[in-house]
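Breakdown of the fold
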Amino acid sequence: MRRSSADTKAVILAAARERFAADGYEKATIRSIAGDAGIDPAMVMRYFGNKEKLFAAAAHIDLKFPDFSALPRDQIGAGLVGHFLGLWEHNEALQVLLRTGVTNEAAAERMREIFATQLAPVIVTLTGPDEATVRAGLAASQILGLALARYILKFPPIVAMSRDDLIHWVAPTIQRYLCD
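Residues numbered from 1 in each chain as written. Predicted model: local features only at pLDDT ≥ 70, side-chain atom pairs only at ≥ 80, totals over all residues. Heavy atoms only, no water.

1. With respect to the overall build of the protein
For the protein, the count of helices and strands is 10 helices and 0 strands. The secondary structure elements of the protein, listed N-terminal to C-terminal, are α-α-α-α-α-α-α-α-α-α. Referenced to the eigenvectors of the C-alpha coordinate spread, the extents of the protein come out at roughly 55 × 35 × 30 Å. Across the 180 residues in the protein, those meeting the buried criterion constitute 46%. Carbon and sulfur atoms make up 56% of the accessible area of the protein, which amounts to about 9,600 Å² in all. Charge centroids of the protein, computed over 20 positive and 20 negative side chains, lie 7 Å from each other. (Helix = DSSP H or I, 4+ residues; strand = E, 2+ residues; numbered from the N terminus. Buried < 20%, exposed > 50% of the residue type's maximum accessible area, 1.4 Å probe, protein only. Areas by Shrake-Rupley, 256 points an atom, 1.4 Å probe, with all protein chains shown as cover. Lys, Arg positive; Asp, Glu negative; His and termini not counted. Charge placed at Lys NZ, Arg CZ, Asp CG, Glu CD.)

Have a look at this one:
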């Protein structure tokens, strides 16, 4: 059975996400991804051009922010932390991007781009334009640090904490960065 172009791209992206998650950016190869997808490596190159572009496509992430301005102002920090915990728990691509971004400049740039284009505008709506990039950067540092400790490095005390406990501990810091 012959696949459509869209189906072939979807199969390649699914295989790439799994391979990048299992092997990391450096060890994953076009050949291994093509093998996982059951296609010729030339097809991967045809659709994506190179490994870096394939990774960028595989790491496309929509943070799907709710309207935080609808929350009471004193609950914005908790709302943001809870939202990100949900993302990290249910979005393997985000974990792959974080894991890879620590050692690969292309992945780090993709992570910076996601936070600049998706988190920073949300912060502007909450705080106004003054200091929004600084506030977004500080919030991102906490969120990414939490994700690294819980989902990548798996620090036992952080992994053992319930979602509510994590929100209780981290939200006040995020709240201060955003609203104080």
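2. What to know about the nonpolar core
Ranked by size, the top nonpolar core spans 62 residues in total, and within it Phe20, Leu54, Phe84, Trp88, Ile174 and Leu178 carry the most contacts. Apart from the residues within four sequence positions on either side, Leu54 is in contact with Ile12, Leu13, Ala16, Phe20, Ile30, Ile33, Val44 and Phe48. (Core = buried A, V, L, I, M, F, W, Y, C linked by side-chain atoms within 4.5 Å. Contact = heavy atoms within 4.5 Å.)

3. What to know about the confidence of the model for the protein
Detailed reading of the predicted coordinates is not advisable wherever pLDDT is low. Of the residues in the protein, 99% have a pLDDT of 70 or more, and the chain-wide mean is 90. Looking across the protein, the model is least confident in helix α6 (residues 92-101), with a mean pLDDT of 81, and most confident in helix α9 (residues 156-160), with 97. (pLDDT = per-residue confidence, 0-100.)

4. Description of helix α2 (residues 30-37)
Among all positions of α2, only Ile30, Ser32, Ile33, Ala34 and Ala37 are buried. At the C-terminal side of α2, Gly38 shows a positive phi close to 70°.

5. Description of the packing of aromatic side chains
Within a pair of aromatic rings, the relevant descriptors are the distance that separates the centres and the angle that separates the planes. Under the criterion given, the structure shown has 6 aromatic pairs. Plain terms: the ring middles of Phe65 and Phe84 are 5.7 Å apart, the flat faces sit at 70° to each other, and that makes the pair edge-to-face. One end of the pair, Phe65, is in the loop between α4 (51-58) and α5 (76-90); the other, Phe84, is in helix α5, and 19 residues separate them in sequence. An aromatic cluster of at least three residues, connected via ring pairs, comprises Phe65, Phe68, Phe84 and Phe115. Its end group placed over the ring of Tyr47, Arg46 keeps NZ or CZ at 5.1 Å from the ring centre. Seen from the ring of Tyr25, Lys51 lies directly overhead, with NZ or CZ sitting 4.5 Å from the centre. (Phe/Tyr/Trp six-rings, centres within 6.5 Å; stacked < 30°, edge-to-face > 60°. Lys NZ or Arg CZ within 6 Å of the ring centre and 35° of its normal.)

6. Some words on the packing of helix α1 (residues 5-27) against α4
Where α1 meets α4, the axes come as close as 9 Å, and the angle between the chain directions of the two elements is 110°. Between α1 and α4, the interaxial angle falls into the category roughly perpendicular. Contact residues: Ile12, Leu13, Ala16, Arg17, Phe20, Tyr25 and Glu26 in α1; Lys51, Glu52, Leu54, Phe55, Ala57 and Ala58 in α4. (Axes fitted to C-alpha atoms, helices over the stretch in contact; angles between N-to-C directions. Parallel < 35°, antiparallel > 145°, perpendicular 65-115°, else oblique.)

7. Side note on the pattern of salt bridges
Inspection of the entire model under this criterion finds 7 salt bridges. As a salt-bridge pair, Glu113 and Arg110 come within 2.7 Å of each other at their nearest N and O atoms. In this pair, Glu113 and Arg110 are both assigned in helix α7 (residues 105-127), 3 residues apart and thus about one turn of the helix distant. Look at Glu113 and you get partly exposed, because its relative accessible area is 39%. Classification of Arg110 by relative accessible area gives buried; the value is 11%. Because the salt bridges share partners, they merge into one network encompassing Arg19, Asp23 and Asp36. (Salt bridge = Lys/Arg side-chain N within 4 Å of Asp/Glu carboxyl O.)

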